[in-house]
Amino acid sequence: LWKRKLMRFLTVAGAGIPALAVMVVQSRAGYLAMAATGLLFGLVRWRKLLLLLPAGAIAIMVFLPSVSDRMLMGVETGGSPIDRTEYDIDTITAGRPEIWSPMVEVIQGSLLIGEGRVAILRTPARAKIEAAIGICPSHPHNAFLEMLADGGVVGTLLMLGFYAAFFMTVVRLFRIRWSPLSTAVGGLALALLASRLVTGVSGCSFFPARSMFGMFAMGGLALRVASDYAHRKARAPAPLMQPATSAYPARFVPSAVAP
């Protein structure tokens, strides 16, 4: 679709919709997810993004000061360069330490296998959180703490292994330059995965939820495309050795890929 001028214009215009939504709600996790996705795309394949990201950050600071003010909320700097910078953790994290501290105690109590699903509501952490903020949410606003509390180290290692395998699969697809399908599927799956991992620090869950439908759908497509690519590669004939000549040494010449 990118080869068509109309679809190219619509794609670029459509890319601004989620960016506008993130700016409207002033989500710091959203800002970080967008920046991390762009940085990851630059490191994996599109090196030009590594040059554009600093320029984009400077432009945002100049033309959208509300974004930088939101990102620096809770950071107080003195009037002179020698003054010490102070950090208000409660403001930076929107009061999350009141939830995270009791969850850390729950994790320490059952480090290996955890307390089971929704440990935040079934352990003494609930009473402590309610005493601190008046209400106990069903999620600790940190996917990593939730996984450690519910599944322990064992469950967390299984989860990290799953996401690591997912990550390596979509990165390999995204790096296949001769296949537009692999680029599209791998790139979109990589963007959804990266945003999920980044936003997991402040809110999202790694357990299956409705908000993860897009990521898992693209993950299924990525596995299908990766399987097809692996089968094509396995059916391709082995490289042939070209005889050496007086001018050039012997070299491998890859044969044509099977259709």
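Relevant structure appears above.
A few points on the structure. For clarity, every value in this text was computed on a predicted model and none was experimentally measured.

1. Let's talk about the nonpolar core
Consideration 1: In terms of nonpolar packing, the biggest core is built from 27 residues, with Tyr163 and Leu190 touching the most fellow members.
Consideration 2: Among the elements that line this core, the one with the most residues is helix α9 (residues 143-174), at nine residues.
Consideration 3: Apart from residues lying up to four places away in sequence, leucine 190 is in contact with Leu40, Phe41, Val44, Phe167, Val170, Val171 and Phe174.
Consideration 4: Grouped together as the second largest cluster of nonpolar side chains are eleven residues, Ile99, Val106, Ile120 and Ala125 included.

2. Structural notes on the environment of arginine 117
Consideration 1: Note that arginine 117 resides in the loop between α6 (97-109) and α7 (119-122).
Consideration 2: Overall, the relative accessible area of 41% leaves arginine 117 in the partly exposed class.
Consideration 3: For the pair formed by arginine 117 and glycine 151, sequence separation is 34 residues and the distance between their alpha carbons is 7.5 Å.
Consideration 4: With near-sequence residues (within four places) excluded, arginine 117 lies in contact with Arg122, Glu146, Asp150 and Phe207.

3. Some remarks on the packing of α9 against helix α11 (residues 213-235)
Consideration 1: At a minimum axis separation of 10 Å, α9 and α11 run at an interaxial angle of 60°. The orientation of α9 with respect to α11, classified from their angle, is oblique. Of the two possible hands of crossing, α9 and α11 adopt the one that is left-handed. When α9 is examined against α11, the residues Phe162, Tyr163, Phe166, Thr169, Val170 and Leu173 are found in contact with a partner set consisting of Met215, Phe216, Gly219, Ala222, Leu223, Val225 and Ala226.

4. Section: the environment of arginine 45
Consideration 1: Relative to the elements of secondary structure, arginine 45 occurs in the loop between α2 (28-44) and α3 (48-63).
Consideration 2: Spatially, the C-alpha atom of arginine 45 lies 9.4 Å from that of isoleucine 176, the residues being 131 residues apart in sequence.
Consideration 3: Residues in contact with arginine 45, not counting those within four places in the same chain, are Phe174, Ile176, Arg177 and Thr183.

5. Some words on the pattern of salt bridges
Consideration 1: Inspection of every chain in the model, using the stated rule, returns four salt bridges.
Consideration 2: Glutamate 105 serves as the salt-bridge partner of lysine 128, at 2.4 Å between the closest nitrogen and oxygen. With a gap of 23 residues between them, lysine 128 in helix α8 (residues 125-133) and glutamate 105 in helix α6 connect regions that are remote in the sequence.
Consideration 3: According to the relative accessible area criterion, lysine 128 is partly exposed, its value standing at 41%.
Consideration 4: Taking relative accessible area as the criterion, glutamate 105 reaches 42% and is therefore assigned partly exposed.
Consideration 5: Glutamate 146 is the partner of arginine 117 in a salt bridge, and the nearest nitrogen-oxygen pair spans 3.7 Å. On the criterion of sequence distance, the pair formed by arginine 117 in the loop between α6 and α7 and glutamate 146 in helix α9 is long-range, its members being 29 residues apart.
Consideration 6: Accessibility expressed as a relative area gives 6% for glutamate 146, which makes it buried.
Consideration 7: Overlapping salt bridges, with partners in common, bring together Arg117, Glu146 and Asp150 in one network.

6. Here we look at a nonpolar patch on the surface
Consideration 1: A surface patch of nonpolar side chains, amounting to about 480 Å² of accessible area, comprises Ile58, Met61, Val62 and Phe63.
Consideration 2: The topology assignment puts methionine 61 in helix α3.

Scoring rules and cut-offs
- Residues numbered from 1 in each chain as written.
- Predicted model: local features only at pLDDT ≥ 70, side-chain atom pairs only at ≥ 80, totals over all residues.
- Heavy atoms only, no water.
- Core = buried A, V, L, I, M, F, W, Y, C linked by side-chain atoms within 4.5 Å.
- Buried < 20%, exposed > 50% of the residue type's maximum accessible area, 1.4 Å probe, protein only.
- Helix = DSSP H or I, 4+ residues; strand = E, 2+ residues; numbered from the N terminus.
- Contact = heavy atoms within 4.5 Å.
- Axes fitted to C-alpha atoms, helices over the stretch in contact; angles between N-to-C directions.
- Parallel < 35°, antiparallel > 145°, perpendicular 65-115°, else oblique.
- Left-handed = near helix turned anticlockwise from the far one by under 90°.
- Salt bridge = Lys/Arg side-chain N within 4 Å of Asp/Glu carboxyl O.
- Patch = residues over 30% accessible without salt bridge, like charges linked within 9 Å, V, L, I, M, F, W, Y side chains within 5 Å.
- Areas by Shrake-Rupley, 256 points an atom, 1.4 Å probe, with all protein chains shown as cover.

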